[in-house]
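Structural description and commentary
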Amino acid sequence: MGIRIRVNAYFRKKIILGVIIIGFLATIGTILYVDYVWYNDQNRYEIGSIEIAEELDFEMSSSRLEVSSSVDAVGMTYSSLELDEIIGSEGQYIDIDHQYLAYSFYIKNTGSVTKSITYNIRLSELMDWMSDSIRILIIEDDTNYKMYQKEDQLDLDNNLPLYDQMPIGINFESSPFVFRDTIEDLEPGSIKSFRLIIWLEEQDPDLVERADIGIIQGEFVFTVIDDPAYGGSNFMSSSCVVSFGIHYQDEDII
């Protein structure tokens, strides 16, 4: 009888020791798991931290901005754009002599790691006669000018239109994309400026005076590229969007 009691006591000690070890390991595992999740959440945040704002001080930053404007149905010329005033402005610029969309904003890397960012313009709603003759000018950091347009068509004599005092146009990439590009290696705290200018070009032969309504809406989208070092597409990317629209309505239409 005494031997059985000693054996049971021995096994009870083993069981208690096993429970203590299992509990200890479970505690360590929980701590490691929490640290792992926190680390990845932090890196996910760092990958996705960009903001946009109308003003350089970023006191009113956001992930989405909106702007709209009416345009002259009879069009205007590139040379009539008040480019110096637009470059010196922030947010929406209003020209007292002509109607067109001119909008300036900034994008900033608000995280602590360098990021590459894709950006594009996508037209989501349009009336064909307006898209045939619009010009979209993008000015990046006040030095890089690119003007986009729908591809010109040959006339009856197989000639392309001739334009006076106009930069060379870049054809829309596809439907609905105007263009796609990339900002390479934007460092923490770095800021880039963009100016979006849209008008109906009066020299375009596709522009004809219309007694109807015209609408174009689109989005200027910036998206952080996933970093493969942090698991690539397993991590969410951050996006910022500038929604824009231009419209025309004949004064005789109620």
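Up top you'll find the structure we're talking about.
Note that the structure is a prediction, hence the values are computed from the model and not measured.

Check the secondary structure of the chain and you find three helices and twelve strands. Counting all 254 residues of the chain, 38% fall into the buried class. Partitioning the contacts of the chain with sequence separation of at least 6, the portion at a separation of at least 24 is 77%. Only carbon and sulfur atoms are counted for the fraction: they give 53% of the accessible area of the chain, which is about 14900 Å².

Take the pattern of salt bridges next. Inspection of the entire model under this criterion finds eight salt bridges. We note a salt bridge from Arg-64 to Glu-219, for which the minimum N-O separation is 3.8 Å. Taken as a pair, Arg-64 in strand E2 (residues 64-70) and Glu-219 in strand E11 (residues 213-224) lie far apart in primary sequence, 155 residues in all. We classify Glu-219 as partly exposed; its relative accessible area is 28%.

We now examine the nonpolar core. As a rule of thumb, soluble globular proteins bury nonpolar side chains together. Ranked by size, the top nonpolar core spans 39 residues in total, and within it Ile-121, Ile-136, Ile-138, Phe-194, Phe-220 and Phe-222 carry the most contacts. Looking at this core element by element, the count peaks at five residues for strand E12 (residues 239-249). Residues within four places of Phe-220 in sequence aside, it is in contact with Phe-105, Tyr-119, Asn-120, Ile-121, Ile-138, Phe-179, Phe-194, Cys-240, Val-241, Val-242 and Phe-244. Leu-81, Tyr-100, Ile-139 and Ile-197 belong to the second-largest nonpolar core, a separate cluster that totals 14 residues.

Taken together, the side chains of Glu-54, Glu-55, Asp-57, Glu-59 and Glu-90 define an acidic patch exposed on the protein surface. Mapping Glu-59 onto the fold places it in the loop between strand E1 (50-53) and E2. Residue Glu-59 is classed as exposed on the basis of its relative accessible area, which comes to 66%.

On to empty space enclosed by the protein. A full pass over the atoms with the stated rule returns one cavity of 30 Å³ or more. A volume near 60 Å³ is recorded for the largest cavity. Lining of the largest cavity is provided by Tyr-119, Ile-138, Glu-140, Asn-144, Lys-146, Tyr-148, Phe-179 and Asp-181. Mapped by element, the contributors of at least two residues to the lining of the largest cavity are strand E6 (134-140), strand E7 (144-149) and strand E9 (177-186). In terms of residues, the lining of the largest cavity owes the most to one element, E7, which gives three residues. Residues of the lining of the largest cavity, tallied by class, amount to four nonpolar, one polar and three charged.

Looking now at the packing of aromatic side chains. One pass over the full model with this rule turns up 14 aromatic pairs. Aromatic side chains Phe-105 and Phe-194 sit 5.9 Å apart centroid to centroid with 20° between the ring planes, which places their arrangement in the stacked category. Placement of Phe-105 in strand E4 (residues 101-109) and of Phe-194 in strand E10 (residues 191-200) is noted, with a sequence separation of 89 residues between them. For Phe-105, a relative accessible area of 0% translates into the label buried. With relative accessibility at 0%, the residue Phe-194 sits in the buried group. Taking the centre distance of 4.9 Å and the plane angle of 20° together, the rings of Phe-220 and Phe-222 count as stacked. Look at Phe-220 and you get buried, because its relative accessible area is 0%. Among the aromatic residues, those joined into a ring-pair cluster are Tyr-103, Phe-105, Tyr-119, Tyr-148, Phe-179, Phe-194, Phe-220 and Phe-222. The side chain of Lys-108 reaches across the aromatic face of Phe-58, ending 5.5 Å from its centre. Positioned over the ring face of Phe-177 is Arg-180, at 4.2 Å from the centre of the ring.

About the criteria used
- Residues numbered from 1 in each chain as written.
- Predicted model: local features only at pLDDT ≥ 70, side-chain atom pairs only at ≥ 80, totals over all residues.
- Heavy atoms only, no water.
- Helix = DSSP H or I, 4+ residues; strand = E, 2+ residues; numbered from the N terminus.
- Buried < 20%, exposed > 50% of the residue type's maximum accessible area, 1.4 Å probe, protein only.
- Contact = heavy atoms within 4.5 Å.
- Areas by Shrake-Rupley, 256 points an atom, 1.4 Å probe, with all protein chains shown as cover.
- Salt bridge = Lys/Arg side-chain N within 4 Å of Asp/Glu carboxyl O.
- Core = buried A, V, L, I, M, F, W, Y, C linked by side-chain atoms within 4.5 Å.
- Patch = residues over 30% accessible without salt bridge, like charges linked within 9 Å, V, L, I, M, F, W, Y side chains within 5 Å.
- Lys, Arg positive; Asp, Glu negative; His and termini not counted.
- Charge placed at Lys NZ, Arg CZ, Asp CG, Glu CD.
- 1 Å grid on protein atoms, 1.4 Å probe; cavity = no way out; pocket = protein on both sides within 12 Å on 5 of 7 lines; lining within 4 Å.
- Points joined across faces, edges and corners; volume = space filled by probe spheres on them.
- Nonpolar A, V, L, I, M, F, W, Y, C, P; charged D, E, K, R; others polar.
- Phe/Tyr/Trp six-rings, centres within 6.5 Å; stacked < 30°, edge-to-face > 60°.
- Lys NZ or Arg CZ within 6 Å of the ring centre and 35° of its normal.

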